[in-house]
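The chain contents come next:
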Amino acid sequence: MKEKRFEKNHKIVTVVTVAVILALWFLATNLHWIDTRIFPTPQATWKAFVAVCSGGYKNHTLLQHLSASMGRLFLAFGLAAVTGIIMGLVCGWSAYARAVFEPMIEFYRPLPPLAYYTLLVLWMGIGNESKVALLYLACLPPIFITCCAGVRGISPLYLESAETLGASKRKVFVHIILPACLPDIITSLRTAIGVGYSTVVAAEMVAATSGIGWMVLDASNYLRNDIVFAGIFVMSFTGIVIDQALRLLEKKAVPWKGRV
Amino acid sequence: MEEILRLKNISMLYPTAKQEDFQALVNIDLSVNEGDFICVLGPSGCGKSTLLNIIAGLLKPTSGAAEMRGKPITGTDPHRGMVFQFPALYPWLNTRDNVAFGLKMRGVGKKMVQTEVDKYLGLVGLSEFGSSRIYELSGGMKQRAQLARVLINQPDLVLMDEPFGALDALTRGGMQDLIRNLWMQIKNTVILVTHDVDEALCLATRIVVLTSRPGHIAGEFKAEFTRRIASGEADCQYTSEYIALKKELMGIIRSA
Ligand SMILES: Nc1ncnc2c1ncn2[C@@H]1O[C@H](COP(=O)(O)OP(=O)(O)O)[C@@H](O)[C@H]1O
Ligand SMILES: [Mg+2]
């Protein structure tokens, strides 16, 4: 009971905070406390949003820009998820596999993705391939490392009990290791898509001719701050939607999380 | 009575950070017959879990050998079931599927699994909780579920590592009755490890006292209170024989 009420209070505080910020923005720009050429009004931002939605920006509608970005992101994320989960689980299981893959991933993991992006562009061109490769490389380490640590953190009791109940090594992998790591897998996917999302925007700002990140960068070159603002809002909402979707998946897939 | 388990001069050393290894068990000799209910009684840290893990095949002794029906124990086997102190039930499965785990791993047919699960859930009194999530079960119910999960494999030898240590006294009493009844009904062999003298006296047909530094067998006693309790004589805990044996056991443990 008590917790429910607190939760409600928190939500009210959030709504009030957002409302105050919006109001300040509205007042500051409409009363010309700040220069609207630098900081557009909410109305102008909204207008720009409607305009790029219907008319588009440089031959593509907002939806097309957004789907160009999301297409790259999800293709790379999907590939990274499949390979990262398998590699991570196997490396958590086998010290030999770990000895092979860990140094490779640890080598490039600390590098900011844009540092090797130039190389990828040089090798694969400015098109989609280099971006997908970049995003793949950016998404892979968090998945690999979390899954690997997840396996190593499994309670030995799960493994011992399964063994005494007659499960072979292979069955232990499928029936114990995989489900026991599911919470870690989903957490790692959430981290990875966050990294991938910020990388896709940054990569499009470096080299692209479509995508939401490119749209914002290009608009800023023409001092179209209203479009920049609209683009940033769209990016932010998309990010929130993706994260919420993964949270929902987590609730459905691992209802036991935090209760054992 | 036929022998089911034999421990021959088992010693166990654990490597430590220090120069010398830690001697957990030394020269353990034990012969267990079919149908025995053995309680290994000893203070915590005397090597009870180590001994049980060796019998289960989870741990290899440094020297000596464990044999089941004349064959050396080299690894785990579903014929030797292990009930752990903390029921490591799998939270991603409901109670039914936890109990079914062993049969599924061994490739038993679906229909057979269903009837067996129903039977064993019934035996431990959890028929109505088959579809419950693990986190919805109380501590006592979890331990019952673990018991069903082990017994469904029909192990000839059941090992139990302080199975009631984490339960409150009232729940513990009920669980002891359940274990005794199941043992009399199924007629399997049980080795139960405990630090509770009364638990040993109420359940065992043989009590093996283990004392520490290093863990060794300090004495062996026959007991028949469990059969007397089963035949309705619950008051035998207040008889002079019971108290005399309890005194003797406590004496050995204290003086060690
Ligand atoms: N893996 C291990 N490494 C080193 N020492 C251990 C290990 N496992 C147990 N011990 C030590 O061996 C002794 C016996 O442990 P254990 O068999 O768990 O005793 P009990 O179950 O009777 O409490 C204890 O002193 C414990 O500290
Ligand atoms: Mg122990």
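What counts and what doesn't
Residues numbered from 1 in each chain as written. Chains lettered and ligands numbered in written order. Predicted model: local features only at pLDDT ≥ 70, side-chain atom pairs only at ≥ 80, totals over all residues. Heavy atoms only, no water. Helix = DSSP H or I, 4+ residues; strand = E, 2+ residues; numbered from the N terminus. Buried < 20%, exposed > 50% of the residue type's maximum accessible area, 1.4 Å probe, protein only. Areas by Shrake-Rupley, 256 points an atom, 1.4 Å probe, with all protein chains shown as cover. Salt bridge = Lys/Arg side-chain N within 4 Å of Asp/Glu carboxyl O. Near = heavy atom within 4 Å. Polar contact = N/O pair within 3.5 Å; in protein donor to acceptor, adjacent residues only side chain to side chain. 1 Å grid on protein atoms, 1.4 Å probe; cavity = no way out; pocket = protein on both sides within 12 Å on 5 of 7 lines; lining within 4 Å. Points joined across faces, edges and corners; volume = space filled by probe spheres on them. Nonpolar A, V, L, I, M, F, W, Y, C, P; charged D, E, K, R; others polar. Pairing = 2+ DSSP bridges. Axes fitted to C-alpha atoms, helices over the stretch in contact; angles between N-to-C directions. Contact = heavy atoms within 4.5 Å. Buried area = accessible area lost by both parts, 1.4 Å probe. Disulfide = S-S within 2.5 Å. Domains from an automatic or database assignment. Expected span 1.5 Å × (residues − 1). Arc of directions from axis to C-beta.

### Digging into the overall build of chain A
Here is step 1: When you go through chain A residue by residue, the secondary structure sums to 10 helices and 0 strands.
Here is step 2: Helices (α) and strands (β) of chain A occur, in sequence order from the N terminus, as α-α-α-α-α-α-α-α-α-α.
Here is step 3: The burial tally for chain A puts 40% of its 260 residues in the buried class.
Here is step 4: Of the accessible surface of chain A, which amounts to about 14,600 Å², a share of 70% is contributed by carbon and sulfur atoms.

### Description of the pattern of salt bridges
Residues and elements named next belong to chain A.
Here is step 1: Following the criterion strictly, the structure yields 21 salt bridges over all chains and no others.
Here is step 2: For E250, the salt bridge is made with R190, and the minimal N-O distance between the two is 3.6 Å. Taken together, the residues span a long stretch of sequence, with E250 in helix α10 (residues 225–253) and R190 in helix α8 (residues 169–206) at a distance of 60 residues.
Here is step 3: Look at R190 and you get partly exposed, because its relative accessible area is 23%.
Here is step 4: Residues participating in the shared-partner salt-bridge network are R190, D243, R247 and E250.

### Overview of the site of ligand 1
Residues and elements named next belong to chain B.
Here is step 1: Around ligand 1, a shell composed of Y14, F22, A24, P43, S44, G45, C46, G47, K48, S49 and T50 is seen.
Here is step 2: G47 is positioned such that a nitrogen or oxygen atom in its backbone is 3.1 Å from an oxygen atom of ligand 1.
Here is step 3: Within the side chain of T50, a nitrogen or oxygen atom sits 2.5 Å from an oxygen atom of ligand 1.
Here is step 4: Protein chains bury 61% of the 560 Å² of accessible surface belonging to ligand 1 in isolation.
Here is step 5: Secondary structure elements with two or more residues in the shell around ligand 1: β2 (22–33) and α1 (48–56).

### Topic: empty space enclosed by the protein
All names here are of chain B.
Here is step 1: One pass over the full model with this rule turns up 1 cavity of 30 Å³ or more.
Here is step 2: Roughly 60 Å³ of internal volume is contained in the largest cavity.
Here is step 3: Among the elements of the structure, α4 (139–151), β7 (157–161) and α5 (169–186) are those that each provide at least two residues to the lining of the largest cavity.
Here is step 4: Here the element with the most residues in the lining of the largest cavity is α5; it accounts for 4 residues.
Here is step 5: Its residues placed into classes, the lining of the largest cavity shows 9 nonpolar, 1 polar and no charged.

### What to know about the sheet that holds strand β8 (residues 189–194) of chain B
Residues and elements named next belong to chain B.
Here is step 1: Pairing is mixed in the open sheet, where 6 strands are placed in the order β6-β7-β8-β3-β9-β10. Two strands lie at the open edges of the sheet, namely β6 (80–83) and β10 (216–222), each paired on one side alone. For this sheet, the mean inter-axis angle between neighbouring strands, taken without regard to orientation, is 20 degrees.

### Here we look at the sheet that holds strand β1 (residues 3–14) of chain B
Residue and element names in this part refer to chain B.
Here is step 1: If you walk across this open sheet you meet the 4 strands as β2-β1-β4-β5, and the pairing is antiparallel. Strands at the two margins of the open sheet, each flanked by one partner only, are β2 and β5 (71–72).
Here is step 2: Bridge count for strand β4 (residues 63–68) against β5 is 2 bridges, and the pairing is antiparallel. Looking across to β5, one finds that M68 is bridged to K71.
Here is step 3: Along the sheet face, α1 touches β1 and β2 and points at about 125 degrees away from the line of β1.

### Digging into the interface of chain A and chain B
Here is step 1: Residue-level contacts link 19 residues of chain A with 23 residues of chain B.
Here is step 2: When the two sides are added together, the surface that chain A and chain B hide from each other amounts to roughly 2,000 Å², 72% of it contributed by carbon and sulfur.
Here is step 3: Its largest share of buried area at the contact with chain B, chain A owes to T164(A), L165(A) and W256(A), together 34% of the area lost on that side.
Here is step 4: On inspection of chain A and its partner chain B, the count reaches 0 salt bridges.
Here is step 5: Linking chain A with chain B are 7 residue pairs in polar contact (both at pLDDT 80 or more), by the criterion used here.
Here is step 6: Among the elements that make up the side of chain A that touches chain B, the one with the highest residue count is helix α7 (residues 156–164) of chain A (7 residues).
Here is step 7: Of the residues that constitute the side of chain A that touches chain B, the class distribution is 11 nonpolar, 4 polar and 4 charged.

### Section: the state of the cysteines
Put plainly, a disulfide is one covalent bond tying together the sulfur atoms of two cysteines.
All names here are of chain A.
Here is step 1: Under the defined criterion, the tally for this structure stands at 0 disulfides over all chains.
Here is step 2: The thiol of C91 is not disulfide-bonded; the next cysteine sulfur, from C148, is found 5.6 Å away.
Here is step 3: Its relative accessible area of 1% is what places C91 among the buried residues.
Here is step 4: Just so you know, C139 is unpaired, no disulfide at all, and the nearest cysteine sulfur is the one on C147, 13 Å from it.
Here is step 5: We classify C139 as buried; its relative accessible area is 0%.

### Let's talk about the pairing of β10(B)
All names here are of chain B.
Here is step 1: Relative to β10, strand β9 (residues 206–211) is paired through 6 bridges, and the arrangement is antiparallel. Looking at β10, one finds that V209 is bridged to G219.
Here is step 2: The antiparallel hairpin formed by β9 and β10 contains 4 residues in its connecting segment, where R213 sits at a positive phi of about 55 degrees.

### As for the domain arrangement of chain A
All names here are of chain A.
Here is step 1: On domain assignment, one finds that chain A holds domain 1 (1–34) and domain 2 (41–253).
Here is step 2: Interface area for domain 1 against domain 2, summed over the two sides, is near 430 Å², with a carbon-plus-sulfur share of 75%.
Here is step 3: Joining domain 1 to domain 2, the criterion identifies 0 salt bridges.
Here is step 4: Seen at the junction of domain 1 and domain 2, the total is 1 residue pair in polar contact (both at pLDDT 80 or more).

### As for helix α3 (residues 110–123) of chain B
All names here are of chain B.
Here is step 1: For α3, with 14 residues, the first-to-last C-alpha span of 20 Å sits near the 20 Å given by 1.5 Å per residue.
Here is step 2: The set of residues buried in α3 consists of V113, E116, V117, Y120 and L121. Each buried residue of α3 lies within a common arc of 130 degrees when the element is viewed along its axis, so the set occupies one face.
Here is step 3: Of the surrounding secondary structure, the elements contacted by the buried residues of α3 are α2 (95–105) and α4.
Here is step 4: Just downstream of α3 lies G125, where phi reads positive at about 75 degrees.

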